[in-house]
Amino acid sequence: MRHRSRGLRALEPLAWVGPAIVLIALVVLWPVVEMIRSSFLKISKFGVVQGGNGTANYDRLFAEPDFASIMGRTLIWVVAVVGLTVIISLALAQLFNQRFPGRKIARWALIAPWAASVLMTAIIFRWMLDPEVGVINMIRRDLGFLDALGGASADPLGQSATAMPWLIFVAVFVSVPFTTYALIAGLSTIPGDIYEAARMDGASKMRIYWAITFPLLRPALTVAALINVMNVFNNFPIIWAMTRGQPGYSTSTSTIFMYILKNRDIGESAAMSVVNFGMVIILTVVFLKVTRWRSEVA
Amino acid sequence: MRTRIAGALGLAAVLALAGCGSSGTGEGGGQNASSGGGAVTLKMVAADYGSDPNAENAGAKFWKGIVDEFQAANPNIKIDVQVINWNDIDKQVATMVQNGQPPDILQTGGYSGFVQDGLLHKVDEILSPNVQQDLLTKFADFGKVDGVAYGIPFVSSARGLFYNKELFDKAGIAEPPKTWDELKAAAEKLKKSGVSQPFGLPLGQEEAQGESFLWFLGAGGGYKDASGKWAINSPQNIEAFTFMKGLVDAGLTTPNPGTKDRKTVWEDFAAGKVGMVNGGPMSIPIFDEGSVKDKYGVAPIAGKTGALDTTLGVMDWIMAFNKNNHPAEIKKFFDFFYTGNAVQKIVDNYKLLPVTKGGIEKLSGDEKLKPFLDGLPNASFYPFTDPKWPAVQDTIKQTIGGAVEDPAKVLGELQKTAETG
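Going along each chain's sequence as written, the residues are numbered from 1 onward. Think of it this way: whatever chain is written first is A, whatever ligand is written first is 1, and the rest follow in order. Only residues with pLDDT of 70 or above have their local features reported here, since the model is predicted, and side-chain atom pairs are shown and tallied only from 80 upward, although totals for entire chains, interfaces and linings are computed over all residues.

### Quick notes on the overall build of chain B
Working step 1: Only DSSP runs of H or I with at least four residues qualify as helices, and only runs of E with at least two residues qualify as strands; both kinds are numbered from the N terminus onward. The secondary structure content of chain B amounts to 19 helices and eleven strands.
Working step 2: Between the buried cut of 20 or more and the exposed cut of 12 or fewer other C-beta atoms within 10 Å of a residue's own C-beta lies the partly exposed class, and all C-beta atoms are placed from the backbone. When the 421 residues of chain B are sorted by exposure, 48% land in the buried category.
Working step 3: Long-range pairs, those at least 24 residues apart, make up 73% of the contacts in chain B with a sequence separation of at least 6. Each residue is represented by a C-beta atom placed from its backbone, and any two residues with such atoms within 7 Å are regarded as in contact.

Shown next, in the form of C-alpha cells:
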C-alpha cells in the first residue's frame, strides 16, 4: 500500500507535464517524423502514396542541376539579409534611444513595415519596379539614370544580378523594425549609472559604446539575430511575390525550390524539406557557438 | 513557475481535444442526416475565366447563375462552387487532393494527372450518350487515357496574333506579318517609332509552355514528334528559340521574357505599349477594357515561312472525382450544363469557344470569332494525355525562358527531364 502510493507520487509530476509533452509530440515531433518519412516514399503529384522509394528522392534532389547553386544562394541570402539588418538596426536603435522632438512619432513610423503584410510589401515593391509603370523606374528616368521605360534596363527584377539586391533590400526593410525594437528594449535595460561612472572616468563616446553598450546589448542582439536567421532562411513571400524564383531558378532559395518541387514531386520536395530543416539546425548551432550563447543569455 | 505553465498548457490541450471531439460528432450527425434525407451537396471547384474577381464577368457570379438555375430544377442537389484563379488553382486542388478532400467536380486545365491515381469517374458514368456524341470528336478523344474517357472537354480556345493598328500605322506597317522575317522587320519599325515592346513575349511562369509551343509550331516542331516521343530539343524547336533569341537580343520584345507572365504582357498591350502579341479570344475582354479598344486586329500566327494553318487548341476540362461516389447527381448536373444555354453564356462572357457541334453551329455568324473558329478543326494540342505532362509542363514554366539565352542547352535539359522524369 505504502509502496504503491510512493510510486504514484513519483508519477504525479507526469500528470502536470504529460499534456505539455503530448502537445509538443503532436505539433512538433510528429510533423518532423512525417516529413522525414515521406522523403523516403514514392508519392504521386496529387499525394497518393505509391510505396517506398529508398533514397531515390534524395538522389534526384542532389542530381538537380540547380541544387548546388540554390543552396549557395540560400546561404548568401541569409548572411546578407541578417548582417545588413543587424548593422542597420544597431544604428537605428541607438538613434531612437536618444531624446529628440518627435521621437514618439518616429518610433511609431518605424513599426509600419513590420505591421504591413510582408506579401503586400513585396507586391508593392514589384509594382514599383515594373518596367513600364514602376514609380522607381520613373524616378530613375526623370533623374537621367534611365533612357526609356519598358526596356531591359528598366527591369531590375528580370535579371538575377539586379533582382537579388532588391530582394535582399525588401527583406532587410521588413526585418529592421522587429530587430530595432528588440535592441531598443535591450538598451533600456542598461542602467544609467554605469554610463555616469564611465563619463566620470573620462571615457570617450566610442569607448563607452564598445566597452559598455555593445557587451551589455549582446544578449538582446543574439536573440534578435537568431530569430532573424530562422525567419529569413524560411522566408517565402518576398521572393515568390517578386520573382517566383525566376529567371529559371536564379533567384530561388531552398524554401522557394521546395515549393516549386512540391508541384512536381512531393517525395523530392519532402527530401528538400529535410535538407532545409537540417540546414536551419546547423545554422542555428553554428550561430550559437559563434556568439557563445550560453555565457551570454543563460 | 514552470509547473504552472505546464499545467496551463495541459488544460489548453484538454480543451482543444474536447473541442475536436464535439465538432467531430457534430459533423458525423450532419452527414447521417443528409444521406437519410436524400439531399446531396456536390463540392465543385472551377477556374476563374473572368478578368478579375470583382468584375461583372467574375467566375463566382457566372457559376452562381448556372447553379441557381440547376438547383431550382433539382431541389435535392446542392452545388457548392469555389472559384479559384488560374495562378493558384493547380496548387490549391493538389493540396485538396493531398489532404484527401478532393472536390466532387473539378473544372480546370488538365485531367490526366488524376487518372493514374484512379481518382476520377469514367465519362460513361457521368455523361449521357447523346451529350457525349455532341462533343467534337477530336477534342473528346483527348479526354481518353488508354481508350477510356475520363476528361470532358469544357471549353476551348485558339490562338491568333493580335496587333495594334494604331502603332502599325505610325510605324508605317501595311499589314500584320505572316512570316518570321516579316515579323522581325515589323518589330524593328515599331521600335524605331518609339514602341517599348514591339513584340510581347511572355515566357514567365504563368503560361510559358503556351507561348513556346506557338513558336515551335511556327518552325514545324512541337513537344513530341510524329511517333509520340518527346522532342523538346528537336532542331525545329531550337531553331524557333534561336530566332526568338535574336528578337530578344535586339531589344524587340518584352524585356527578360523568362520572368514575365502572360497577364502582365496582355495588360501592357491593352495599355498600348506592345505592338504585337499572341493571344486568344479570352484576351479580347482584357484588351477591350484598355486604351486599345477598337484599335487592334487579329491575324493568324506568323510562322517561319508563312502564317500557321494550325493553332494551339487549349482546351479546358471538367471531371468528377469518385471519392464521394455521387455519379447520378453529377450526371444530372453535367447533362444540364451541356444541353442548356450555359456554354453559350461562357462564350458570350469570356469569348471562349464551345466544344460541342451544336455550340459551334450557333456561333458561325460571329465575325470577330471567325479566325479562331476556323483554326479549331486543325488545332494542335499539348501532349495532355501523357501522365508525365503536368510535371514536364511545370518544369517548362520555370525554366524555358532561359532558352532565349541558350536554346540548345535549356531545351536539352527539358528533354532530359521529360525522358527521365
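Alright, that's what it looks like, and here's the rest.
### Structural notes on the overall build of chain A
Working step 1: In terms of regular secondary structure, chain A is built from 13 helices and two strands.
Working step 2: When burial is assessed residue by residue, chain A has 32% of its 298 residues classed as buried.
Working step 3: Long-range contacts, defined as pairs at least 24 residues apart, comprise 66% of the intrachain contacts of chain A with a sequence gap of at least 6.

### Here we look at the sheet that holds strand E8 (residues 197-200) of chain B
Residues and elements named next belong to chain B.
Working step 1: An order of E8-E9-E7-E10 is seen for the four strands of this open sheet, with the pairing classed as mixed. Single-partner strands in this sheet number two, and they are E8 and strand E10 (296-299). Between one strand axis and the next, the sheet turns through 15 degrees on average, direction left out of account.
Working step 2: Any two strands between which DSSP finds at least two bridges are classified as paired. Note that E8 and strand E9 (residues 274-279) share three bridges and pair parallel. Its bridge partner being in E9, Phe-199 is matched across the sheet by Met-276.
Working step 3: Packed onto the sheet, helix H12 (residues 262-270) meets strand E7 (160-164), E8 and E9 and runs at close to 135 degrees relative to E9. Every axis corresponds to a line fitted to the C-alpha atoms, with the helix fit spanning only the stretch in contact, and the corresponding angles, defined between N-to-C directions, vary from 0 to 180 degrees.

### A look at the confidence of the model for chain B
Working step 1: Mean pLDDT over chain B: 83, with 89% of residues reaching 70 or higher.
Working step 2: Confidence metrics for the complex model read pTM 0.75 and ipTM 0.78. Per-residue confidence from the predictor is reported as pLDDT, which spans 0 to 100.

### Observations concerning the domain arrangement of chain B
All names here are of chain B.
Working step 1: Each domain's extent was defined by an automatic or database domain assignment. For chain B, the domain assignment lists domain 1 (40-157 + 314-378) and domain 2 (160-312 + 388-420).
Working step 2: For domain 1 and domain 2, the distance between their C-alpha centroids amounts to 28 Å.
Working step 3: On the domain 2 side, the residues contacting the 18 residues of domain 1 number 18 residues.
Working step 4: Contributions of two or more residues to the side of domain 1 that touches domain 2 are made by helix H4 (112-115) and helix H17 (370-375).

### What about the interface of chain B and chain A?
Working step 1: Contacts between the two partners involve 37 residues from chain B, matched on the other side by 34 residues from chain A.
Working step 2: Breaking the side of chain B that touches chain A down by element, the ones donating at least two residues are helix H1 (2-37), helix H3 (86-98), H4 and helix H18 (389-399) of chain B.
Working step 3: Only Asp, Glu, Lys and Arg are considered charged, only Ala, Val, Leu, Ile, Met, Phe, Trp, Tyr, Cys and Pro nonpolar, and every remaining residue, Gly among them, polar. Counted by class, the side of chain B that touches chain A contains eleven nonpolar, 19 polar and seven charged residues.

### Remarks on the confidence of the model for chain A
Detailed reading of the predicted model is not advised wherever pLDDT is low.
Working step 1: With 95% of its residues at a pLDDT of at least 70, chain A reaches an overall mean of 87.
Working step 2: Highest mean pLDDT in chain A belongs to helix H10 (residues 237-243) of chain A (93); lowest belongs to helix H13 (residues 293-296) of chain A (57).

### Section: the packing of helix H9 (residues 205-233) of chain A against helix H12 (residues 266-290) of chain A
All names here are of chain A.
Working step 1: One can describe the packing of H9 onto H12 by two numbers: an axis separation of 10 Å at closest approach and a directional angle of 160 degrees. Our classification of the angle between H9 and H12 gives roughly antiparallel. Seen along the crossing, H9 lies across H12 with a hand that is right-handed. Across the interface between the two elements, Leu-226, Val-229, Met-230 and Phe-233 of H9 pack against Val-280, Leu-283, Thr-284 and Phe-287 of H12. An angle counts as roughly parallel when it lies under 35 degrees, as roughly antiparallel when it exceeds 145, as roughly perpendicular when it falls between 65 and 115, and as oblique in every other case. Two helices cross in a left-handed way if the nearer one is turned anticlockwise from the farther one by less than a right angle. They cross in a right-handed way if the turn is clockwise.

### As for the environment of Gly-113 of chain B
Working step 1: Examined against the element boundaries, Gly-113 of chain B turns out to sit in helix H4.
Working step 2: Taking the C-alpha atoms as reference points, Gly-113 of chain B and Pro-387 of chain B, 274 residues apart in sequence, are found 5.7 Å from one another.

### Side note on the nonpolar core
Residue and element names in this part refer to chain B.
Working step 1: Leu-120, Phe-162, Met-244, Phe-269 and Met-319 are the most contacted members of the largest nonpolar core, which has 114 residues in total.
Working step 2: The element best represented in this core is helix H11 (residues 235-249), accounting for seven residues.
Working step 3: Per-domain counts for this core show at least three residues from each of domain 1 (40-157 + 314-378) and domain 2 (160-312 + 388-420).
Working step 4: Beyond its immediate sequence surroundings of up to four residues, Met-319 is in contact with Leu-106, Tyr-111, Phe-114, Leu-120, Tyr-150, Gly-151 and Ile-152. As used throughout, a nonpolar core is a set of buried Ala, Val, Leu, Ile, Met, Phe, Trp, Tyr and Cys residues joined through C-beta atoms within 7 Å of each other.

### Concerning the sheet that holds strand E11 (residues 314-320) of chain B
Residue and element names in this part refer to chain B.
Working step 1: The mixed open sheet is built from five strands, whose spatial order is E2-E1-E3-E11-E6. Edge positions in the sheet fall to strand E2 (77-84) and strand E6 (152-157), since each has one partner strand and no second. Going across the sheet, the axis of each strand differs from the next one's by a mean of 15 degrees, ignoring polarity.
Working step 2: Bridging between E6 and E11 involves four bridges; their strand directions are antiparallel. Along E11, the bridge assignment pairs Pro-153 with Trp-317.

### Observations concerning unusual backbone geometry
Most peptide bonds take the trans form, and the phi angle of most residues other than glycine is negative.
Working step 1: Cis geometry marks the peptide bond from Gln-246 of chain A to Pro-247 of chain A, where omega comes out at 0 degrees.
Working step 2: Of note in this structure, Asp-146 of chain B is not a glycine but carries a positive phi near 55 degrees.
Working step 3: In this model, Asp-294 of chain B sits at a positive phi of 65 degrees, which is unusual for a non-glycine residue.
Working step 4: Along the polypeptide, Asp-294 of chain B turns up in the loop between helix H13 (284-289) and E10.

### Points about helix H15 (residues 342-350) of chain B
Residues and elements named next belong to chain B.
Working step 1: When we look at burial in H15, the residues that qualify are Val-343, Ile-346 and Tyr-350. Down the axis of H15, the smallest arc covering the buried residues is 60 degrees, so these residues share one side.
Working step 2: Here the buried face of H15 lies against E6, helix H14 (327-339) and helix H16 (357-363).
Working step 3: Where H15 terminates, the next one or two residues include Lys-351, which has phi positive at roughly 55 degrees. By definition, the arc is the one covered by directions from the helix axis to the C-beta atoms.

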